[in-house]
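# Fold and contact review
Each chain, letter by letter, is given below.
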Amino acid sequence: MEQPNPGRLRRIFEIFTVSTKLGLTSFGGPIAHLGYFHEEYVNKRKWVGEQKYAELVALCQFLPGPASSQVGMGIGLYRGGIAGALAAWAGFTLPSAVALVLFALLLQGTALADSGWLHGLKLTAVAIVAQAVWSMGVKLAAGRSRATIAALAAAATLLWPSGLTQVLIIAASALTGLWLYRSSPAPGASPAHPGEEPQSGIRLRRSWAVASLAAFVGLLGLLPLVSRWWPNLGLQLFDVFYRAGALVFGGGHVVLPLLQSEVVPRGWIGEADFLSGYGAAQAVPGPLFTFASYLGASIHGVTGAILATIAIFLPAFLLVVGVLPFWHQLREIPKVQYALQGVNAAVVGILLAALYDPIWVSSIQETGDFIVAMLLFVMLVFWKLPPWAVVVAGAAGGAFLGWIGSIG
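Residues numbered from 1 in each chain as written. Predicted model: local features only at pLDDT ≥ 70, side-chain atom pairs only at ≥ 80, totals over all residues. Heavy atoms only, no water.

In this section: the side chain of Ser362. If you trace the backbone, Ser362 turns up in helix α14 (residues 334-363). Engagement of the side chain of Ser362 in a polar contact is seen with the backbone oxygen of Ile359, the distance being 3.5 Å. Residues in contact with Ser362, not counting those within four places in the same chain, are Lys122, Glu271 and Leu275. (Helix = DSSP H or I, 4+ residues; strand = E, 2+ residues; numbered from the N terminus. Polar contact = N/O pair within 3.5 Å; in protein donor to acceptor, adjacent residues only side chain to side chain. Contact = heavy atoms within 4.5 Å.)

Have a look at this one:
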């Protein structure tokens, strides 16, 4: 019987402790997370070099799922294999997941849903998603053709709101980008540096990578069928959150409309509680995908939280393990880069649609709401305040509006 390798166990534990520290301190969303990761993993610990880190970030930018979490998984995979990837994911995810589960359990069975400060969290969601539309639009939807793709994607999302619509929009936008930009230089496509090792650097058998990709596709196809044949709440939850993690391009903000279209119409959670949780998710560090932990806890208690958290991150894990060993080949395909330009523009449009419905229409109900949301937006975009500070300000603003209403 093979004995455990103490050196490898220490390495896995080190990955977990370092990623947990990042999970406790990484405020500011995925772009900020990548800055924290670079400082910790590249500059301080030198677990990966600049070139490998840049390639990993480039890969995760066009895989569906949470880009910053995938970068962390990839570094864990480089450092400690599959166990290292799991340790990196767990450490970075657990702090915010636990905080949001506690928030959900506190919210249940109380009158907190009608509290002014929770209404302020919904106003904060307006400002944060507006900021995301603003910043992503400048980078990903600039120019006539990409702005048009974004506008059409927003219109289609609002006219036919469903998860299937978003999948079709992304597919159509990829084909459009492939056609429109076929004669343009491929962004991000660069040859290997002289002397660079033309391998991924991962000690992982190709059979594991192929099995991971097969599991990703198999679960995506089988879970909807099995959950329909066997109407079990836990299985239905796993199906909904797995599909959300597998089909969302563009990071945590974009998962909002897909989850809203799945869980609110089913009656699993009310619109107000949904948006309150989304606002609370802005107040904690770590990945925004842990919003699924809040939803799972609200729908089915701690069991639901565990199922939703695992399900929404599982596609990202399978893709990182499945694709990263082949990345050095994939990065050289220009057509992938052309399609990505169309997909990124569509992501901006889908997010713009989410800003309007459900966020704006359910949160901005009077002049005071608009004023608070506008001020929060200015704090984020122009004052450059950290998101947690804006969340606190939003909660205070909502409480103030509630107090004004109570004495008016």
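Evaluated as defined, the whole model comprises 15 aromatic pairs. Ring geometry for Trp134 versus Phe377: centroids 5.9 Å apart, planes at 70 degrees, classification edge-to-face. With Trp134 in helix α5 (residues 116-140) and Phe377 in helix α15 (residues 367-381), this residue pair connects regions lying 243 residues apart in the sequence. Classification of Phe377 by relative accessible area gives buried; the value is 17%. Aromatic rings pair up to connect Phe103, Trp117, Phe274, Tyr278, Phe291 and Tyr294 into one cluster. Above the ring of Trp268, the side-chain terminus of Arg266 is found at 4.9 Å from the ring centroid. (Phe/Tyr/Trp six-rings, centres within 6.5 Å; stacked < 30°, edge-to-face > 60°. Buried < 20%, exposed > 50% of the residue type's maximum accessible area, 1.4 Å probe, protein only. Lys NZ or Arg CZ within 6 Å of the ring centre and 35° of its normal.)

Phe241 and Phe274 are the most contacted members of the largest nonpolar core, which totals 127 residues. For this core, the leading source of residues is helix α12 (residues 291-323), giving 18 residues. Leaving out residues up to four positions away in the same chain, Phe274 has contacts with Leu256, Leu259, Gln260, Val263, Val264, Ile269, Phe291, Tyr294 and Leu295. (Core = buried A, V, L, I, M, F, W, Y, C linked by side-chain atoms within 4.5 Å.)

Of the residues in the chain, 89% reach a pLDDT of 70 or more, and the chain-wide mean stands at 85. Within the chain, the element-level pLDDT minimum falls on helix α13 (residues 327-330), averaging 68, and the maximum on α12, averaging 96. (pLDDT = per-residue confidence, 0-100.)

Let's shift gears to α14. With 30 residues, α14 should reach 44 Å at 1.5 Å per residue; the first-to-last C-alpha distance of 43 Å fits that figure. For α14, the buried fraction is high: 22 of the 30 residues fall into the buried class. (Expected span 1.5 Å × (residues − 1).)

Running from N to C, helix α9 (residues 233-247) and α12 point in directions that differ by 45 degrees, and their axes come no closer than 7 Å. Here α12 runs oblique to α9, going by the angle between their axes. α12 is crossed by α9, and the crossing has right-handed handedness. (Axes fitted to C-alpha atoms, helices over the stretch in contact; angles between N-to-C directions. Parallel < 35°, antiparallel > 145°, perpendicular 65-115°, else oblique. Left-handed = near helix turned anticlockwise from the far one by under 90°.)

This paragraph deals with the pattern of salt bridges. Any two side chains of opposite charge can pair, given that their charged atoms come close. Inspection of the entire model under this criterion finds 8 salt bridges. Where Arg45 meets Glu14, a salt bridge forms, and the shortest distance between an N and an O atom there is 3.7 Å. Of this pair, Arg45 sits in the loop between α2 (29-44) and α3 (50-62) while Glu14 is found in helix α1 (residues 6-25), placing the two residues 31 residues apart along the sequence. Taking relative accessible area as the criterion, Arg45 reaches 29% and is therefore assigned partly exposed. Judged by relative accessible area, which is 26%, Glu14 ranks as partly exposed. Among the ionic pairs, Glu40 bridges to Lys44, the shortest N-O distance being 4.0 Å. Here Glu40 pairs with Lys44, and both are found in helix α2, just 4 residues apart, close to one helical turn. In the salt-bridge network here, residues are joined through shared partners; they are Glu14, Lys21, Glu40, Lys44, Arg45 and Arg79. (Salt bridge = Lys/Arg side-chain N within 4 Å of Asp/Glu carboxyl O.)

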